[in-house]
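Spelled out from the first residue to the last, the chains are:
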Amino acid sequence: MPEQHENAPELPCSIVTELRSGMKVCLRPIHPSDQGKIERGIMELSDRSRYLRFFSSFKIAPASVVEKLSAVDGINHIAWGVVNLDADDHPPIAAAHAIRSTDDPARGEFAIAVLDEYQSKGVSRVLIAALFSNCLEQGLSKLDIAVLRENRKAAGLIAAMGAEMTISQDAIAYYSLDLQSALDALRAMEKPKGLRNIWVAFDG
């Protein structure tokens, strides 16, 4: 676990869990020192996945995007990442962010990205469970999510957690998600089994 920002609250220890495929992963809070990993992760996404995540076809991650995603303080910008423990170099494979609204401190903006080869393996669910649990601890109760309407997989996942569409404009659908309801929905899911370790870490 990286050194915490001096003003950040104490965060849970890194969480080791196992996906339904048997792959072992470690989830941990992201720190500003992870900026290089964030930049590399963005570029390791396929063009399609990068477009679905950022609504842009850029080939090189703009400095402004990398700086925004690495400006994590554990309070107003909460972010978690996942690394693959089964690979020798323990590469980062996913990241999720929640950025608090300046207008409503109980609301935030959510986004997630998983490298292509690790998609549909349960990574998103364990990562979301950790991030949302941390968000609730920090007083965030609702998250706003923008999803390209063609991204049916993402829309299906957040709908399964109770997200409600608030507006659909051009190619983008906007959703509102209650975090407690989302966590209740995740707890009711039998898969992936790795979710159990998330609950243990946060429930104490």
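What counts as what
Residues numbered from 1 in each chain as written. Predicted model: local features only at pLDDT ≥ 70, side-chain atom pairs only at ≥ 80, totals over all residues. Heavy atoms only, no water. Salt bridge = Lys/Arg side-chain N within 4 Å of Asp/Glu carboxyl O. Helix = DSSP H or I, 4+ residues; strand = E, 2+ residues; numbered from the N terminus. Buried < 20%, exposed > 50% of the residue type's maximum accessible area, 1.4 Å probe, protein only. Contact = heavy atoms within 4.5 Å. Arc of directions from axis to C-beta. Pairing = 2+ DSSP bridges. Phe/Tyr/Trp six-rings, centres within 6.5 Å; stacked < 30°, edge-to-face > 60°. Lys NZ or Arg CZ within 6 Å of the ring centre and 35° of its normal. Axes fitted to C-alpha atoms, helices over the stretch in contact; angles between N-to-C directions. Parallel < 35°, antiparallel > 145°, perpendicular 65-115°, else oblique. Core = buried A, V, L, I, M, F, W, Y, C linked by side-chain atoms within 4.5 Å.

K.L.:
Help me understand the pattern of salt bridges in this model?
P.N.:
Once their charged atoms are close, side chains differing in charge can pair, the charge on each being opposite to the other. Using the criterion set out here, one finds 8 salt bridges in the structure. Across the salt bridge formed by Arg-50 and Asp-47, the nearest N and O atoms sit 3.0 Å from each other. With Arg-50 and Asp-47 both in helix α2 (residues 47-54) and 3 residues apart, this pair spans about one turn of that helix. By relative accessible area, Arg-50 is classed as buried at 4%. Linked by salt bridges that have partners in common, Arg-28, Asp-34 and Lys-37 make up one network.

K.L.:
In this structure, what is going on with α2? I would like to understand it.
P.N.:
Looking only at α2, the buried set comprises Ser-49, Arg-50, Leu-52, Arg-53 and Phe-54. Where the residues of α2 are buried, they touch α1 (35-44), α3 (63-70), β5 (107-114) and β6 (142-148). At the exit of α2 stands Phe-55, carrying a positive phi of roughly 60°.

K.L.:
What is the right way to read helix α5 (residues 152-160) from this model?
P.N.:
At 3.6 residues per turn, the α-helix brings residues three or four places apart onto the same side. Turning to α5, its buried residues are Ala-155, Leu-157 and Ile-158. Along the axis of α5, the buried residues cluster in a sector spanning 160°; they form a single face. Residues of α5 that are exposed and angled more than 90 degrees away from the buried face: Arg-152 and Lys-153.

K.L.:
Mind showing me how you'd approach the pairing of strand β7 (residues 164-169) here?
P.N.:
Across a regular strand the side chains alternate sides, sitting on one face of the sheet and then on the other. Two strands pair when backbone bridges link them, and β7 and strand β8 (residues 172-178) are joined in this way by 5 bridges, in the antiparallel orientation. Each residue of the ladder has a partner; that of Ile-167, found in β8, is Tyr-174. Counting the residues in the hairpin turn of β7 and β8 gives 2 residues, including Asp-170, whose phi is positive at 55°.

K.L.:
Which parts of the structure should I look at to understand the packing of aromatic side chains?
P.N.:
Within a pair of aromatic rings, the relevant descriptors are the distance that separates the centres and the angle that separates the planes. For the structure shown, the criterion picks out 3 aromatic pairs. Ring centres of Trp-80 and Phe-202 lie 5.9 Å apart, and the angle between their planes is 50°; this geometry places the pair in the tilted category. Placement of Trp-80 in strand β3 (residues 77-84) and of Phe-202 in helix α7 (residues 195-203) is noted, with a sequence separation of 122 residues between them. In this structure, Trp-80 and Phe-202 share a single accessibility class: buried. Consider the rings of Phe-110 and Phe-132, whose centres lie 5.3 Å apart with planes at 70°: the pair is edge-to-face. Separated by 22 residues along the polypeptide, Phe-110 in strand β5 and Phe-132 in helix α4 (residues 123-137) bring together distant segments of the chain. A relative accessible area of 5% places Phe-110 in the buried class. Between Arg-53 and the ring centre of Phe-54, over which it is positioned, the NZ or CZ distance is 4.3 Å.

K.L.:
Sorry if this is basic, but what is going on with the sheet that holds β7 here?
P.N.:
The strands that make up a sheet are held in pairs by hydrogen bonds between backbone atoms, and each pair lies either parallel or antiparallel. The mixed open sheet is built from 8 strands, whose spatial order is β1-β2-β3-β4-β5-β6-β8-β7. Only two strands of the sheet have a single neighbouring strand rather than two, namely β1 (15-18) and β7. Across the sheet, the axes of successive neighbouring strands diverge by a mean angle of 25°, strand direction being ignored. Inspection of the sheet shows β6 paired to β8 by 7 bridges, in the antiparallel sense. What sits directly across from Val-147, in β8, is Ala-173. Against the sheet, α4 touches β2 (24-29), β3, β4 (92-100), β5, β6 and β8, its axis set at about 150° to β3.

K.L.:
Explain the packing of helix α6 (residues 179-187) against α7 to me, please; I cannot follow it from the model alone.
P.N.:
Each pair of packed helices can be summarised by the angle the axes make with each other and by the distance between the axes. Remark: α6 packs on α7, axes separated minimally by 10 Å, with the N-to-C direction vectors making an angle of 130°. Between α6 and α7, the interaxial angle falls into the category oblique. Of α7, the residues touching α6 (which contributes Leu-183, Leu-186 and Arg-187) are Leu-195, Trp-199 and Asp-203.

K.L.:
In this structure, what is going on with unusual backbone geometry? I would like to understand it.
P.N.:
Negative phi values dominate among residues other than glycine, just as trans dominates among peptide bonds. Of note in the backbone geometry, His-90 takes a positive phi value of approximately 50° without being a glycine. Here His-90 shows up in the loop between β3 and β4.

K.L.:
Can you help me understand the nonpolar core in this one?
P.N.:
Membership of the largest hydrophobic core comes to 57 residues, with the highest contact counts inside it found for Leu-27, Trp-80, Leu-131, Phe-132, Met-161 and Ile-198. Top contributing element to this core by residue count: α4, with 9 residues. Contacts of Leu-27, omitting those with residues within four sequence positions, involve Ser-14, Ile-15, Thr-17, Trp-80, Gly-81, Val-82, Val-126, Leu-127, Ala-130 and Ile-198.

Spatial relationships are all this shows, so hold off on functional conclusions.
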